[in-house]
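Report on the structure
Chain residues, written in single-letter form:
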Amino acid sequence: MKEPYFSSKDLALMAIFASLSSLVGLTTAFIPAPLPGLYGVIAIPVGTIIVLTIRAIVGKTGAATFTQFVSGVISTILPGGPPVIWIIIPSWVLGGVVIDLFFHVTHKEIQDSRVADGIAGLIYNIPGDILLYWAFMMFLGWAWSLPLFLYGFLAIHAILGGLAGVYMPSLLNKLTPVVDMAFERSKQ
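This report concerns the structure included in the present document. (Residues numbered from 1 in each chain as written. Predicted model: local features only at pLDDT ≥ 70, side-chain atom pairs only at ≥ 80, totals over all residues. Heavy atoms only, no water.)

Regarding the overall build of the protein
The line we're drawing: The numbering of helices and of strands both runs from the N terminus, where a helix is a DSSP run of H or I of at least 4 residues and a strand a run of E of at least 2. A 1.4 Å probe rolled over the protein chains alone gives each residue an accessible area, and that area as a share of the maximum for its type sets the label: buried under 20%, exposed over 50%, partly exposed in between. Contacts are residue-level and defined by heavy atoms, with any inter-residue pair within 4.5 Å sufficient. Using a 1.4 Å probe, accessible areas were evaluated by the Shrake-Rupley method; residue-level cover was limited to the displayed protein chains.
Regarding its fold elements, the protein presents 8 helices and 0 strands. The order of α-helices and β-strands along the protein, N terminus first, is α-α-α-α-α-α-α-α. When burial is assessed residue by residue, the protein has 41% of its 188 residues classed as buried. Restricting to contacts in the protein with at least 6 residues of sequence separation, those with at least 24 account for 76%. By element, 74% of the accessible surface of the protein is carried by carbon and sulfur atoms, the whole surface being about 10,400 Å².

Shown next, in the form of structure tokens:
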């Protein structure tokens, strides 16, 4: 059984993955796109893979929430962040909480399946997207219609996250030996 608290290795990995996650979101936002937000086609799957990978590597409840929190803080501080700066941390933390709660309440046999990762990828963006929709309406005056938001924003994020979640175990199988080898070398 793993220790209930985060080790220094866990904290270092979560901080590195959080930095990668925030940099993916910020750098893909600079891609010239014909539609605003089209960079999410890259940022959502990569961000999903990053947060699900760190949750699987650390294997402790709270790993996704902590990683999303650190990523949100970094994204808020760096230039080129979101238009409503104070909303990014709560919306990303909500995604981490959803992932942590989902894997906390599922059975161990189910947790290590592509189906569980796909479901987690499908649902983790939903609360944060709803919070972003509210903030954009209230503070920026963006009045998207509800069907456009549900089908053009929320559904696309869910599908991209779900597909990334299904793919994530293959990536994790390739990444875990590399991470373990790097930490073994650092101990020498």
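Past the structure itself, the notes keep going.
Focus: the pattern of salt bridges
Just so we agree on the cut-off: Any Lys or Arg side-chain nitrogen located within 4 Å of an Asp or Glu carboxyl oxygen qualifies as a salt bridge.
Overall, the coordinates contain 1 salt bridge when judged by the stated rule. In this structure, K60 engages D10 in a salt bridge whose closest nitrogen and oxygen atoms are separated by 2.6 Å. With K60 in the loop between α2 (40-58) and α3 (63-77) and D10 in helix α1 (residues 8-28), this pair connects stretches of sequence that are 50 residues apart. Judged by relative accessible area, which is 8%, D10 ranks as buried.

A closer look at the environment of I54
Inspection of the secondary structure assignment puts I54 in helix α2. Of the residues examined, I54 reaches a relative accessible area of 0% and is grouped as buried. In this structure, the C-alpha to C-alpha distance between I54 and A15, residues 39 residues apart in sequence, is 9.9 Å.

These results come straight from atomic positions and should not be treated as a statement about function.
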